[in-house]
Amino acid sequence: MEKTKIKHDILIYPLLAVALAIRFLINILAGNVMISDEIYYVTASNSLLHGVGANFEHPPLVKLIIAGAISVLGNNWIAWRLPIIIFSVVALFFTYKIGKTFLTENQAVFATALMSTSLIFFLIGSIGMLDIPMIAFSLAGIYFIIKQRYLYASAMFAVSFLCKETAIVYAGTALIYLLIKHVSWRKIFPATIAFTTIVLVGLGIYDFFYPQTVYGITITNPIQQAAAIILYQFRLNSGRILNPIPAYPPIGWVTPFGLNALNPQLWAIGYSGKQTIVQWLMQPNPFIEYTMFPLLFALAYLYRKTKQNIPLLLWLTLAFTYLPWLVAGIFFKVESPFYIYSSVPFLALGTTYMLTRIKNKRTRRTAMLLYFTASLTFFIYFFPLNFWR
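Rules behind the numbers
Residues numbered from 1 in each chain as written. Predicted model: local features only at pLDDT ≥ 70, side-chain atom pairs only at ≥ 80, totals over all residues. Heavy atoms only, no water. Helix = DSSP H or I, 4+ residues; strand = E, 2+ residues; numbered from the N terminus. Buried < 20%, exposed > 50% of the residue type's maximum accessible area, 1.4 Å probe, protein only. Contact = heavy atoms within 4.5 Å. Areas by Shrake-Rupley, 256 points an atom, 1.4 Å probe, with all protein chains shown as cover. Patch = residues over 30% accessible without salt bridge, like charges linked within 9 Å, V, L, I, M, F, W, Y side chains within 5 Å. Salt bridge = Lys/Arg side-chain N within 4 Å of Asp/Glu carboxyl O. Polar contact = N/O pair within 3.5 Å; in protein donor to acceptor, adjacent residues only side chain to side chain. 1 Å grid on protein atoms, 1.4 Å probe; cavity = no way out; pocket = protein on both sides within 12 Å on 5 of 7 lines; lining within 4 Å. Points joined across faces, edges and corners; volume = space filled by probe spheres on them. Nonpolar A, V, L, I, M, F, W, Y, C, P; charged D, E, K, R; others polar. Core = buried A, V, L, I, M, F, W, Y, C linked by side-chain atoms within 4.5 Å.

Draft legend 1. Representation of the overall build of the protein chain in the model. For the protein chain, the helix and strand inventory stands at 18 helices and four strands. Among the 389 residues that make up the protein chain, the fraction classed as buried is 53%. Contacts in the protein chain between residues far apart in sequence, at least 24 positions, make up 74% of those at least 6 positions apart. Surface accessibility of the protein chain: about 17900 Å² in total, with carbon and sulfur atoms responsible for 68%.

Set out below in structure tokens:
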């Protein structure tokens with residue numbers, strides 16, 4: 001049995017190797033041009049190397065990891081992005097592991113390959129941002145939830161939060177899932193305590209070594225750190241606008257009816273002011289991101305009909321990673337469509353799950369082949385190197 005398992009697990013590795021190679025290729029061409037918020041996170045990482053706390057807006061773990069990479073590899077794109085590229089592959093691997101809990105081996109690989117064709121996930125997983133390590137640990141947490149290893153799951157969610165605070169969405173989704181499934185509080189409560197303890201201890205250690213003065217207050221403990229993060233988010237999103245259409249309304253992340261659907265956001269110029277031949281496009285892939293609403297309706301119907309765990313878990317992850325943004329977009333200006341990245345693994349898994357429900361084997365295989373071919377074609381056409389566009 002163990003030999004069979006090892007043999008099967010090998011199937012995912014060529015896909016992960018290709019994903020790794022493509023990310024390195026695009027970054028070799030991009031070079032030392034900082035893209036988007038890299039200017040904040042790389043600068044903060046360099047500050048940490050000099051004993052100065054920075055970028056209080058987010059938890060510190062990813063910036064500490066990048067700082068470690070800079071100390072070893074030097075202050076260049078390899079150090080900025082290598083940790084994120086590795087975590088991107090880890091995120092793909094745990095998507096595969098989640099898929100294997102309810103799909104066949106080949107189907108789980110298909111879901112992972114489909115996820116790889118998301119241009120937005122590819123971008124976020126190729127540059128020095130905080131989000132991909134967060135999602136990698138959160139996916140590990142979801143995997144352990146499915147395996148009913150709740151303490152392991154809570155540890156993964158806690159580390160994920162220390163990467164970026166938006167991990168609370170995944171942790172909250174997992175908690176709601178467990179409550180709906182009537183999991184005993186004797187199992188949930190210790191996991192909740194473990195999550196809280198790891199987060200507070202992690203932030204506390206950081207604040208002890210890197211005290212910061214924020215809004216006139218010196219942050220010396222994790223409670224102050226958490227309050228500063230929340231206050232920052234309110235200040236960031238408090239700019240209500242008279243124009244009811246935000247810059248990139250969330251409805252356009254998952255449908256053709258939005259500004260970014262036809263006019264994708266371009267992250268081609270770093271804050272250094274230098275040009276790069278790489279064209280980082282925030283372009284939704286209609287074969288992934290545009291499946292959001294069909295999946296929300298289909299999964300809800302399946303759960304109501306079957307009461308199975310998988311439709312429920314997939315629905316919850318999609319609903320809680322996207323619908324809050326949809327509501328927020330009514331009241332606030334949303335500056336970028338990249339936040340849909342947190343839904344991408346479950347869009348890929350959900351789409352695969354629905355395709356596998358086609359009963360006729362030949363029809364199912366043909367549909368999956370055509371679907372992946374279409375998604376891959378879209379990915380290649382909008383690939384960050386402008387060969388033919």
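Draft legend 2. Focus on a nonpolar patch on the surface. Together, Leu175, Leu179, Trp185, Phe189 and Ile193 make up an exposed nonpolar region whose accessible area comes to about 490 Å². Elements represented by at least two residues in the nonpolar patch include exactly helix H10 (167-180) and helix H11 (185-209). Considering every element that reaches the nonpolar patch, the biggest residue donor is H11, with three residues. In this structure, phenylalanine 189 sits in helix H11.

Draft legend 3. Focus on the side chain of threonine 351. Looking at where threonine 351 falls in the secondary structure, it is placed in helix H17 (residues 344-355). Engagement of the side chain of threonine 351 in a polar contact is seen with the backbone oxygen of leucine 347, the distance being 2.8 Å.

Draft legend 4. View of the layout of surface pockets. Reported here for the second largest pocket is a volume of approximately 370 Å³. Taken together, the elements giving at least two residues each to the lining of the second largest pocket come down to helix H6 (105-116) and helix H18 (361-381). No other element matches H18, which puts six residues into the lining of the second largest pocket. Partitioning the lining of the second largest pocket into residue classes produces six nonpolar, three polar and three charged.

Draft legend 5. View of the nonpolar core. Of all hydrophobic cores here, the largest spans 102 residues; its most connected members are Phe157 and Phe346. Those residues in contact with phenylalanine 346 that lie beyond four places of it in its chain are Ile98, Leu139, Ile142, Tyr170, Leu314, Thr317 and Leu318. Judged by nonpolar contacts, the second largest core, of eight residues, contains Ile26, Phe122, Phe378 and Leu385.

Draft legend 6. Representation of the pattern of salt bridges. Under the defined criterion, the tally for this structure stands at three salt bridges. Residue arginine 81 is joined to glutamate 38 by a salt bridge in which the shortest nitrogen-to-oxygen separation is 2.7 Å. Linking arginine 81 in helix H5 (residues 77-100) with glutamate 38 in helix H3 (residues 38-49), this pair joins segments that are 43 residues apart in sequence. Given a relative accessible area of 0%, arginine 81 falls into the buried group. On the basis of relative accessibility, which here comes to 0%, the residue glutamate 38 falls in the buried class. Among the ionic pairs, lysine 164 bridges to aspartate 131, the shortest N-O distance being 2.6 Å. One end of the pair, lysine 164, is in the loop between helix H9 (150-163) and H10; the other, aspartate 131, is in helix H8 (residues 131-146), and 33 residues separate them in sequence. Residue classification places aspartate 131 among the buried residues on the basis of a relative accessible area of 0%.

Draft legend 7. Expanded view of unusual backbone geometry. Residues other than glycine seldom take positive phi values, yet histidine 182 does so here, at roughly 60 degrees. By secondary structure assignment, the location of histidine 182 is in the loop between H10 and H11. Residue classification places histidine 182 among the exposed positions, given a relative accessible area of 70%. One non-glycine residue, lysine 307, adopts positive backbone phi at about 60 degrees. Its location among the elements puts lysine 307 in the loop between helix H15 (292-306) and helix H16 (309-331).

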